[in-house]
Amino acid sequence: MEETTGYGLNLCLQMLSNAEFLRFKSLYKEVQEQFKLKPMIPWTTIEKSSRKDMETLLHTHYPGLAWAFAARLFDCINRQDLFRMTEKLMRGKQRPYREIMKTIFNYIWTKENNIYLKSSDFKVSIKRQYSALKEVFDDQLKPVTLVVLGESGIGKSTFLRRAMLDWASGDLWNNRFHYVFFFSLISLNNTTELSLAQLLLSKLSESSEALDDVLSNPRRILFILEGFDYLNFDLELQTDLCSDWKKSMPTQIVLRSLLQKVMLPESSLILELGPQSEPKIYPLLRYPRKIILGGLLDSAIRLYCLLFFEVNEGVQVFNYIAANEPLFCICKNPHLCWVVCSTIKWKCARREEAILPFDTDSALYASFILSSFRSKYDKCLPKENRARLKTLCTLAVEGMWKRVFVFNSEDLRRNGICESELTVWLQMNFLNTRGDCFVFYSPTLQWYFGALFYFLREGKEKHNPIIGSLPQLLSESYAHSETQLFMPGMFVLGIATENVAAMLNPHFGLIPSKAMRQEIFKCFRSLSQGEGREKLILLRLFDGLLENQDERFETQVLDLFEEMTVHIGSHNELSTATIYLPKSKKLKKLHMHIEHRIFSDVYKPEDSDLEDFIQGKIRVNNEWREICSIFQNLKVLDLDSCNFNETAIQNLCLSISDPKMPLNAFKLESMSCSFMTNFGDGALFPTLLRLPHLKSLNLYGTRLSSDVVGKMCSVLLTCPTCRVEELLLSHCCLTFIACGHLYEALLCNKFLSLLDLGSNFLEDAGVNILCEALKKPVCTLQELWLTGCSLTSACCERISAVLSCQKNLKTLKLGNNNIQDTGVQQLCKALRNPECKLQCLGLDMCEFTTSSCADLAMALTKCQTLTSLNLDWMTFDPDGLELLCEALNHKGCTLKVLGLDKSAFSKESQMLLAAVQKKTKLNILHYPWIKEERKKRGVCLVWNSKN
């Protein structure tokens, strides 16, 4: 397998300029004669060789001497730095693995990271996280999985590279790990199959240690894996895992087996997860610990500026940044801080005023690219610069759609990047070397160039057919839950502004921002109306609009939506929702899920500083209050599986009971609070019931005390503005005590038509109380759902009495109760009564036998109102089923829907049922009411929905 790290002799060769590499090759014959080496490599082979080819040629032809040979050539071309580095690496053949890693990661730290901070200063800037990194791996040798989290560009990889260098230097985990292996997973995207042994040997190839010795004590091994955001294969939980580290298998199986502790379970892991990979990878892990990186401290930003520039100039730059709060916040992200400082440096070199656009990332990157270009090509024509820029953009967009981040020389050549321009792109830090290949300086930069492609393309140009159209990009970005294309989709909206176009037009030709906005809007309109396809994910759309910041365009897009589904899983998502939900003036239906972490009152030192935590809570409360202010204008509000604290509930209550506003001002017709936790004293629910327009209240899965139920029922008794027609209290942990409160409500409330009490421990005693109310003529209830309420046949006599006299009750669901044959007989007796007006009866999973078929058959022929009967999950002997079929064929049977699982019966019985269907047009369905119940209860979990 090809070396995945790219660090070795090839690393030194990559540091040569093109001119130096030509000299290196031209001096080959002279040095070969000095060493008196055989055989000689043909000059034609040397001349055509790439840097990677040259490394292979030297190792193949001169095993054991390749390092010394290369060192002599480096000396000849006056690259003393590479001569010394080669000597160190050459000695690594006799040195331990740890010392080789020290040489390699010292180079990475000093040459590749662009961090500009001394090691001690860097550690001060991440003091809390670095302390956690030390403490999480104690000396007890227990395997630990640690996850390093943070937004893109926040410095997760830099943090882990520093940790790797400190381990190799003996300053970290000195008594804990003998071996630490650092893998950048981005290098594995083109590797379809390997073994863990091969992967480890690629790291050990230049050291003296044997693989078997290394793996003899897995507790002393730590794997550091970065780049999960950029994998082009998924690692979803599956069963095809393997413990054999010697076996070659698909790459994703090797990684998944390592992550899930099937392979080398006693080893430890550190995983770098970004916004894309965290929700996919985190659930696969067993008891993970976590460290969250929050960006550079204020003092670190100042020090960064002083080291990036000369001291006096650095002070001026820092003062400029600190005076602009949005720009200062941007610079907390180390990657963006580098972008800012690089852009200012280019501007200062041209004696331009160092003013940056900092309203959006798209504008900042445009300024960075423009300043970089002008440093080299300022005097070139826009047409020429456009052609140069387009080569980078086509390379980026091709990789974007292929999900490729590492490019070889052929990829560059195919996209028109010549050797001279490659040198410029490397100098500008647009591209970076990765072994014999190349990567964009950051994936974010690749995504930006990829987005820019759509503004530079021309109609007649032909490109790689794998490159998707703009509508395809927007669909992938904003309507697919798992995608790497969200960032380029967001950048497309950010580039399609007059501000960015005004920057780029003079130097690259026309950037058609207005035409692109029109095309983008057409795509969003199509996605917003799409039926049967994935719809827009609103928070992604909000992020895109935030990057665009064109008020007219925002209004145009937001007015497409009368209904929205929003999943808030982070504080940033709450902030974004706070901006755009109030701007959605046509919004009538809002479905929202808020994760526990948003309103958590528990302070975790590993997540943030205490002061940041306190300020964050204040900000969250203010933002939530802002969102609550829009609820008065909605018709439908679903707060599904939301986890609130006391303050959040108070703000919610205030938003729907503002004393300054009349109750008629609140338009809410349907409210769902399913699986809600931490709802305070329960005052929210009686408050909701007082709203005069409210027709439906769903508390599915929300645990209610009898006291809260009593308060709710008091409103249903006594409040003149209460007009609720549907009250859904399924899975609310109710007991027979709640039925006492409901008794009065059923007698007094003239509007309640549906009461769902399913999956509560009501028992016979509770239903008997309800029956006393139901049999009263003043009770107007039409539907009663009692599925799974621990009922027996003992309550069926009273239920039958209700059915025999109550003409208002049309639907009764008794499924999943132990009513048995005795109970069915009582119910069938009531169905035969001419006074019974029941239309729907649920007896699914009620544990009765074939003996009840005769009673059911007679009821079917006598009851003139029954149209739907649910017998799902029940099976009957052939004789019993034949009795039912005869009744279904009877002219007196009015049934239209029968709940029954036909596949559970014999072929003969299935044929009998099919004949009934053909003759009577009866619908025989498995789960006949499931859609209706899920719709009313809100069981279609909001965080899994696609809006």
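Residues numbered from 1 in each chain as written. Predicted model: local features only at pLDDT ≥ 70, side-chain atom pairs only at ≥ 80, totals over all residues. Heavy atoms only, no water.

Attention now goes to the overall build of the chain. Within the chain, the secondary structure is distributed over 43 helices and 22 strands. Here the C-alpha coordinates of the chain stretch approximately 115 × 60 × 60 Å along the principal axes. Per-residue burial for the chain yields a buried fraction of 56% across its 947 residues. For the chain, the exposed area adds up to about 40700 Å²; of that, 51% sits on carbon and sulfur atoms. The chain carries 110 positive and 106 negative side-chain charges, and their two centres are separated by 3 Å. (Helix = DSSP H or I, 4+ residues; strand = E, 2+ residues; numbered from the N terminus. Buried < 20%, exposed > 50% of the residue type's maximum accessible area, 1.4 Å probe, protein only. Areas by Shrake-Rupley, 256 points an atom, 1.4 Å probe, with all protein chains shown as cover. Lys, Arg positive; Asp, Glu negative; His and termini not counted. Charge placed at Lys NZ, Arg CZ, Asp CG, Glu CD.)

Further remarks concern the pattern of salt bridges. Side-chain pairing between opposite charges can occur once the charged atoms of the two side chains come close. All chains considered together, the criterion is met by 33 salt bridges. Note that Glu-932 and Lys-813 form a salt bridge whose closest N and O atoms lie 3.7 Å from each other. One end of the pair, Glu-932, is in helix α43 (residues 930-937); the other, Lys-813, is in strand β18 (residues 811-813), and 119 residues separate them in sequence. It is possible to trace a salt-bridge network through shared partners that takes in Lys-347, Arg-350, Glu-352, Arg-374 and Asp-378. (Salt bridge = Lys/Arg side-chain N within 4 Å of Asp/Glu carboxyl O.)

Strand order across the open sheet formed by five strands is β2-β4-β6-β1-β7, with parallel pairing between neighbours. Of all strands in the sheet, those with a lone pairing partner are β2 (179-184) and β7 (289-292), marking the two edges. On average, each strand axis in the sheet is tilted by 15 degrees relative to the strand beside it, whichever way the strands run. When β2 meets strand β4 (residues 221-226), the two strands line up parallel, connected through six bridges. What sits directly across from Ser-184, in β4, is Glu-226. Where helix α11 (residues 156-168) meets the sheet, it contacts β1 (145-149), β2, β4 and β6 (268-273), and its direction lies at approximately 150 degrees from that of β2. (Pairing = 2+ DSSP bridges. Axes fitted to C-alpha atoms, helices over the stretch in contact; angles between N-to-C directions. Contact = heavy atoms within 4.5 Å.)

Residues of helix α30 (residues 551-558) that are buried: Phe-553, Glu-554, Val-557 and Leu-558. Taken around the axis of α30, the buried residues stretch over an arc of 125 degrees, which confines them to a single face. Of the exposed residues in α30, the ones pointing more than 90 degrees away from its buried face are Glu-551 and Arg-552. As for α30, its buried residues are in contact with α26 (486-495), α28 (513-529), α29 (538-548), β10 (563-568) and α31 (571-580). Capping the start of α30 is the job of one residue whose side-chain oxygen sits 3.1 Å from the backbone nitrogen of Arg-552: Asp-550. (Arc of directions from axis to C-beta. Polar contact = N/O pair within 3.5 Å; in protein donor to acceptor, adjacent residues only side chain to side chain.)

This part is about the environment of Leu-172. With respect to the element layout, Leu-172 can be found in the loop between α11 and β2. By relative accessible area, which is 2% here, Leu-172 ends up buried. Along the backbone, Leu-172 and Leu-133 are 39 residues apart, and their C-alpha atoms lie at a distance of 9.1 Å. Ignoring any residue separated from it by four or fewer positions in sequence, one finds Leu-172 in contact with Tyr-130, Leu-133, Lys-134, Ala-163, Asp-166 and Trp-167.

Quick look at unusual backbone geometry now. Unusually for a residue other than glycine, Lys-921 sits at a positive phi of about 60 degrees. Relative to the helices and strands, Lys-921 resides in the loop between α42 (907-920) and β22 (923-925). Of note in this structure, Tyr-927 is not a glycine but carries a positive phi near 55 degrees. The exposure class assigned to Tyr-927 is partly exposed, which follows from its relative accessible area of 41%.

Tracing the sequence through the fold places Glu-783 in strand β17 (residues 783-785). In this structure Glu-783 is buried but unpaired, with Lys-813 as the nearest side chain of opposite charge at 5.3 Å. A distance of 3.1 Å separates polar atoms of two side chains, one belonging to Glu-783 and the other to Trp-785. Excluding residues within four positions of it along the chain, Glu-783 makes contact with Ser-753, Leu-754, Leu-755, Leu-809, Thr-811 and Glu-932.

Before going further, it helps to spend a moment on the packing of α31 against helix α32 (residues 610-628). Contact geometry of α31 with α32 gives a least axis separation of 9 Å together with a crossing angle of 35 degrees. As for how α31 packs across α32, the hand of that crossing is left-handed. Contact residues: His-571, Leu-574, Ser-575, Ala-577 and Thr-578 in α31; Arg-619, Val-620, Glu-623, Glu-626 and Ile-627 in α32. Tallied by class, residues from the contact of α31 with α32 come to four nonpolar, three polar and three charged. (Left-handed = near helix turned anticlockwise from the far one by under 90°. Nonpolar A, V, L, I, M, F, W, Y, C, P; charged D, E, K, R; others polar.)

Let us now look at a positive patch on the surface. A contiguous patch of positive charge on the surface is contributed by Lys-588, Lys-589, Lys-635, Lys-667 and Lys-935. Inspection of the secondary structure puts Lys-935 in helix α43. (Patch = residues over 30% accessible without salt bridge, like charges linked within 9 Å, V, L, I, M, F, W, Y side chains within 5 Å.)

Per the counting criterion, the structure on display carries 47 aromatic pairs. Here the aromatic rings of Phe-181 and Phe-183 are separated by 6.5 Å at their centres, their planes lie at 15 degrees, and the arrangement is stacked. On the basis of relative accessibility, which here comes to 0%, the residue Phe-181 falls in the buried class. Relative accessible area serves as the criterion here: at 3%, Phe-183 is assigned to the buried category. Here Trp-873 and Tyr-927 contribute two aromatic rings whose centre-to-centre distance is 5.9 Å and whose plane-to-plane angle is 70 degrees, an arrangement assigned as edge-to-face. Taken as a pair, Trp-873 in the loop between β20 (868-870) and α41 (878-889) and Tyr-927 in the loop between β22 and α43 lie far apart in primary sequence, 54 residues in all. Given a relative accessible area of 45%, Trp-873 falls into the partly exposed group. Grouping aromatic residues by their ring pairs yields a cluster made of Trp-338, Phe-368, Phe-373, Tyr-377, Phe-407, Trp-425, Phe-430, Phe-440, Tyr-441, Phe-449 and Phe-508. When the ring centre of Phe-21 is taken as origin, the NZ or CZ atom of Arg-51, which lies over that ring, is 4.7 Å away. (Phe/Tyr/Trp six-rings, centres within 6.5 Å; stacked < 30°, edge-to-face > 60°. Lys NZ or Arg CZ within 6 Å of the ring centre and 35° of its normal.)

It is worth spelling out the packing of α29 against α31 at this point. For the pair α29 and α31, interaxial distance at closest approach is 10 Å and the crossing angle is 75 degrees. Classed by the angle they form, the pair α29 and α31 counts as roughly perpendicular. Between α29 and α31, the contacting residues are Leu-539, Phe-542, Asp-543, Leu-545 and Leu-546 on the first element and Glu-573, Thr-576, Ala-577, Ile-579 and Tyr-580 on the second. (Parallel < 35°, antiparallel > 145°, perpendicular 65-115°, else oblique.)

Now for the environment of Ser-706. Structurally, Ser-706 is set in helix α35 (residues 706-718). Here the alpha-carbon distance between Ser-706 and Gly-740, two residues 34 residues apart in the chain, equals 9.5 Å. If sequence neighbours within four positions are ignored, Ser-706 has contacts with Ile-737 and His-741.

With that out of the way, let us pick up α32. Two residues of an α-helix separated by three or four positions point the same way, owing to the 3.6 residues in each turn. Its 19 residues give α32 an end-to-end C-alpha distance of 27 Å, which sits within 8% of 27 Å, the value for a rise of 1.5 Å per residue. Among the residues of α32, Phe-613, Gly-616, Val-620, Asn-621, Glu-623, Trp-624, Ile-627 and Cys-628 are the ones counted as buried. (Expected span 1.5 Å × (residues − 1).)

Attention now moves to the state of the cysteines. Per the counting criterion, the structure on display carries zero disulfides. Here Cys-393 is not cross-linked by a disulfide; its sulfur's nearest cysteine counterpart is in Cys-418, at 16 Å. (Disulfide = S-S within 2.5 Å.)

So, on to the pairing of β6. For a regular strand, side chains alternate in direction, first toward one face of the sheet and then toward the other. Here β6 lies mainly inside the structure; six of its six residues are buried. Neither face of β6 is left uncovered, since the one carrying Ser-268, Ile-270 and Glu-272 and the one carrying Leu-269, Leu-271 and Leu-273 both have all their residues buried. Summarising the sheet, β1 and β6 pair through five bridges and their orientation is parallel. Paired with Thr-145 across the strands is Leu-269, a residue of β6. As paired strands, β4 and β6 are joined by four bridges and run parallel to one another. Following the sheet pairing, Phe-223 is matched in β6 by Leu-269.

Right, let's talk about the confidence of the model for the chain for a bit. Summing up the model confidence of the chain, the mean pLDDT is 87 and the portion of residues at 70 or higher is 94%. Of the regions scoring below 50 in pLDDT, residues 1-6 engages in 17 contacts with residues more than four places distant in sequence or in other chains. When the criterion is pLDDT under 50, residues 941-947 qualifies, and its contacts beyond four places in sequence or with other chains add up to 20 contacts. (pLDDT = per-residue confidence, 0-100.)

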